[in-house]
Amino acid sequence: MYSIRLALGAVLACVGLLWSQTTASVSGSVTDPSGAGVGGARVLLRNALTGFEQTVETRADGSFQLLSIPLRTYELSVRAAGFQIHEQTITFSNAAAQVVTIRLRLMTAETSTTVSAFETLSLVTPEDTGTRGQINQKEIERLALSVANRGLEAVVQTFPGFAQNANGSIHPRGAHTQMSFIIDGMPITDQLTGAFANAVDPNIVQNVEIFTGNIPAEYGAKIAAVVNVNTKSGLGADRRFTGSTAVSAAGYDTLGQVTQFAGKSNRFGYSGLVNTMKSNRYLDSVSLDNLHNGGNSTRGFLRLDYQASDRDIFRVNFLTGRAPFQLANLRSQHANGMNQRQELGDFSTAFNWVRTIDAASTYEMNYSVRTSTSNLLPSAGDTPVTAAQERRLTTVALTHRYATVRGRHNIRGGVDLQRIPLREQFSFGITDPQFNHPDSEEYVATLVPFDLSRGGRLFNFSERATGGFYTGHVQDSIKLGDFQVSLGLRYDVYRFLVDQTMWQPRVGASYHLKRTGTVFRASYNRLMQTPQNENLLVSSSEKAQVLVDPAIREATGVQRISPERQNLMEVGFQQSLGRRFSVNSSFYHKNARNQQDVNNFFNTPIVFPLQLLAIRVNSVESRLVMTPWKGLSGSLAATHARAISTPPFVGGLYIGNGNVTLLNEGPFVIDHDQRLSLQSVVNYTHRRGFYSTVSLRHDSGLVTGGADPDVVREDPDYADLLPYVNLLSDPPRTKPRTIVDVVAGYERIRNDRRQWDFNVQVLNLGNQTALFNFQSAFVGTRVVQPRTVGARLRFYF
């Protein structure tokens, strides 16, 4: 215990980093037997299991460099005419740049035919003591992603543990959207879906790592899942200016363009992107008619790298987006002339410095500022209520980190400081005299002053506050023969309306049974999940409690939302199957107090954070991977999850959510619960440039609101959705759906350079009508997108 305190004290006494630098680089030279440089040799770095691959040709003097490499073990091979193939493994444990010298042997008659030593490598990762996934740029480019507003979350959901919901929203491991996106070291904990904020553009990605089990101690705040994104760096470009322009079109008058550019000059590199899109089905519709649902978005990204010396690299990132769009109408709203609109905006900038202290140690500093805005604009025809919102959320983060490898120890440590200024303005009024009618069973007397149809006034809320989040952590990954042990400790201080602190041990171990290609693992994590920042002030205010049903208010009184305190236990295994397949399976149990969630405001993108007394989740997950064979590769992910929440509710605004009163009576199955979800992706690439991808997703059905079928049958807004929901089951659920997406295309390559690319994609090939959810207090009602055909043409320059 004394050594742990000493280590943590050393970290807190110096300046360290919360968010880890998770990429490395390697440079070196390729020579012939005499020591002369070999130009034009092809250097390939790859990991067959994760799909990561980078290749480069050596310069005239035989030198080469590879950048943005996730920390793992890789196969490094070198091929050159007249020489034997050189193969070796290389492991990256931290950001320290590695240097290799490769001396090739001359080809002889006896060595003209070779068998790769890598064919016998195990398709498992013994260093992983928890569930972890990875996907790279090339795999993302071949997925069938909507031309509309979907972002990186559409890529993440191809892994197990994520329940799919509307507008790109995903539930990671029984949580609502408590996810962190780390963009080149910059923490983003906003809800990054098309309805709430501008999502991360998949086109900026070089590679992505996804953590859902045994979360490393350097990650915190919202960590049901951590998505670590490494963007494209211009330092890897082989020209001063290069890039591509893609134009696309799809159904619902969807048009888009993406222009990317990058370049390198000596020690300076740059990369950037401009993405514009418009669509008449911007969000998932609330009805089969897709009424009043147009929108457009603009996204921009710029990354500047400067390698000041062999030891110092500086980076500046800029990320921005803007999205004005209509809010989808129900039929009654459309007939009344309802014309609500929303505008989202964000701007982020980050400065990063990485210093290589020695061959085994690095120091990194990251300073970032991110501001996101959301404006809801009402209209004269709003029904049954009208609302307006103006929200501005800023996150200022200063992070530092020290990492070192000492023998069998891989040690990381640091601290993080965040300030979170938040400003919220919200107004609300009832416009339909039948809503909250005095004769209704759901009548709430405290809403009468805000009933505009009966001479009331608007409810107005306007406040601002600044929160703080401060953290220290230390972690040691230890290699002990066939065992890998991970020991982490983290301390969080949360100060935003409430003051909370928490020690969080993060421990895990794995054992590699080499003769069978098996890895067993187990872990325990103590986690603090911070509340959603969006609309936190109004949800926690005493003033807004007059809008809440008295039965809910009396159960808890006026309380402020506190961080979730969670225990996460996981056991799992990896197994290589022959020379091409690998399976990774896990079982986890999660129990937590102060469960974090949100409730939806009348099918709009406005959500209000809430807190439940407790949640417990049990789940089984598995992912089968087929590594490339004759151009064919693929994966199959399966998840079974059971999630039970216990009231009472704290926070939130439940106007029009009558079923919340019933849920408040005792434990209930929450909408994160799903018996089975399957996600399959199969890729085929022909050596002549033809390629295709088939994605299949099956969902057995999420839990919905408990509406009366007879009442729904008489409601013209929802009656035609009854065939797609089972309101008589216990609990009620959407009916199962299976959606198939297909991409087929051709990539023209000449002299090892891509010239142009054309593909056609079909989303929802079977044109299945289905629901994401139905009258849910947490997400409302949303319809799955019908069959949509699109095409994309891209030119490279």
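If you're wondering where the values come from, they're calculated on a predicted model, not measured in any experiment.

## Digging into the confidence of the model for the chain
1) Next: Per-residue confidence for the chain gives a mean pLDDT of 88, with 92% of residues at or over 70.
2) Next: Confidence drops under a pLDDT of 50 for residues 1-21, and excluding neighbours within four residues, the segment shows 63 contacts in the predicted structure.

## Let's talk about the environment of Glu-364
1) Next: Take Glu-364: it is sitting in strand E21 (residues 361-377).
2) Next: Between the C-alpha atom of Glu-364 and that of Arg-750, which follows or precedes it by 386 residues, the distance is 40 Å.
3) Next: A distance of 2.5 Å separates the side chain of Glu-364 from the side chain of Asn-352, its partner in a polar contact.

## Things to note about the sheet that holds strand E1 (residues 23-31)
Hydrogen bonding along the main chain pairs the strands of a sheet, whether they run parallel or antiparallel.
1) Next: Across the sheet, three strands lie side by side as E4-E1-E7; this open sheet has mixed pairing. Because the sheet does not close on itself, it has two edges, and the strands there are strand E4 (63-70) and strand E7 (98-103). Across the sheet, the mean angle separating the axes of adjacent strands is 25° when strand polarity is ignored.
2) Next: The pairing of E1 with E7 spans six bridges and is parallel. Along E7, the bridge assignment pairs Val-30 with Ile-102.

## A short note on the sheet that holds strand E11 (residues 179-183)
1) Next: One open sheet accounts for five strands, arranged E8-E13-E14-E11-E12; its pairing is mixed. Of all strands in the sheet, those bounded by a partner on one side alone are strand E8 (132-136) and strand E12 (186-188). Averaged over all pairs of adjacent strands, the angle between strand axes in this sheet comes to 20°, irrespective of strand direction.
2) Next: Of the strand pairs in this sheet, strand E13 (residues 205-211) and strand E14 (residues 225-231) are connected by six bridges, and their pairing is antiparallel. Bridging from a neighbouring strand, Val-205 pairs with Thr-231 of E14.

## A word on the pattern of salt bridges
Pairing between side chains of opposite charge can happen when the charged atoms of each approach one another.
1) Next: Going through the model one piece at a time under the given rule, you end up with 32 salt bridges.
2) Next: The salt bridge involving Glu-75 is made with Arg-46; its shortest N-O contact spans 2.9 Å. Highlighted residues: Glu-75 in strand E5 (residues 73-79) and Arg-46 in strand E2 (residues 42-47), separated in sequence by 29 residues.
3) Next: On the basis of relative accessible area, Glu-75 is assigned to the buried category, the value being 9%.
4) Next: The class of Arg-46 is partly exposed, set by a relative accessible area of 25%.
5) Next: For Arg-406, the salt bridge is made with Asp-358, and the minimal N-O distance between the two is 3.7 Å. Of the two residues, Arg-406 sits in strand E22 (residues 385-406) while Asp-358 sits in strand E20 (residues 341-358), which places them 48 residues apart along the sequence.

## Observations regarding the packing of aromatic side chains
1) Next: Summed over all chains, the structure comprises 22 aromatic pairs.
2) Next: Between Tyr-74 and Phe-92 the ring centres are 5.9 Å apart and the planes differ by 65°, which places this aromatic pair in the edge-to-face class. Taken together, the positions of Tyr-74 in strand E5 and Phe-92 in the loop between strand E6 (86-91) and E7 put the pair 18 residues apart, joining distant regions of the chain. For the pair Tyr-74 and Phe-92, one class covers both residues: buried.
3) Next: Seen in terms of ring centroids, Phe-314 and Trp-353 are 6.0 Å apart; in terms of plane orientation they differ by 10°. Their pairing is stacked. Of this pair, Phe-314 sits in strand E19 (residues 312-326) while Trp-353 sits in strand E20, and the two are 39 residues apart along the sequence.

## Digging into the pairing of strand E41 (residues 788-796)
1) Next: Of the two faces of E41, only one is covered, namely that formed by Thr-788, Gly-790, Arg-792, Arg-794 and Tyr-796; the face formed by Val-789, Ala-791, Leu-793 and Phe-795 stays uncovered.
2) Next: Pairing between strand E15 (residues 242-250) and E41: seven bridges, direction antiparallel. Across the sheet, the residue bridging to Ala-246 is Arg-794, located in E41.
3) Next: Relative to E41, strand E38 (residues 753-763) is paired through eight bridges, and the arrangement is antiparallel. Note on E41: the bridge partner recorded for Asp-757 is Arg-794.

## Let's talk about the nonpolar core
General note: in soluble globular proteins, nonpolar side chains tend to be found buried as a group.
1) Next: Membership of the largest hydrophobic core comes to 64 residues, with the highest contact counts inside it found for Phe-426, Phe-428, Phe-459, Leu-547, Phe-601, Leu-653 and Phe-778.
2) Next: In contact with Phe-428, other than residues within four places in its own chain, are Val-385, Thr-386, Ala-387, Leu-447, Phe-450, Arg-457, Leu-458, Phe-459, Leu-547, Phe-601 and Ile-655.
3) Next: Counting 30 residues, the second largest nonpolar core, distinct from the first, contains Ile-170, Ile-183, Met-186 and Leu-192.

Calculation rules
- Residues numbered from 1 in each chain as written.
- Predicted model: local features only at pLDDT ≥ 70, side-chain atom pairs only at ≥ 80, totals over all residues.
- Heavy atoms only, no water.
- pLDDT = per-residue confidence, 0-100.
- Contact = heavy atoms within 4.5 Å.
- Helix = DSSP H or I, 4+ residues; strand = E, 2+ residues; numbered from the N terminus.
- Polar contact = N/O pair within 3.5 Å; in protein donor to acceptor, adjacent residues only side chain to side chain.
- Pairing = 2+ DSSP bridges.
- Axes fitted to C-alpha atoms, helices over the stretch in contact; angles between N-to-C directions.
- Salt bridge = Lys/Arg side-chain N within 4 Å of Asp/Glu carboxyl O.
- Buried < 20%, exposed > 50% of the residue type's maximum accessible area, 1.4 Å probe, protein only.
- Phe/Tyr/Trp six-rings, centres within 6.5 Å; stacked < 30°, edge-to-face > 60°.
- Core = buried A, V, L, I, M, F, W, Y, C linked by side-chain atoms within 4.5 Å.

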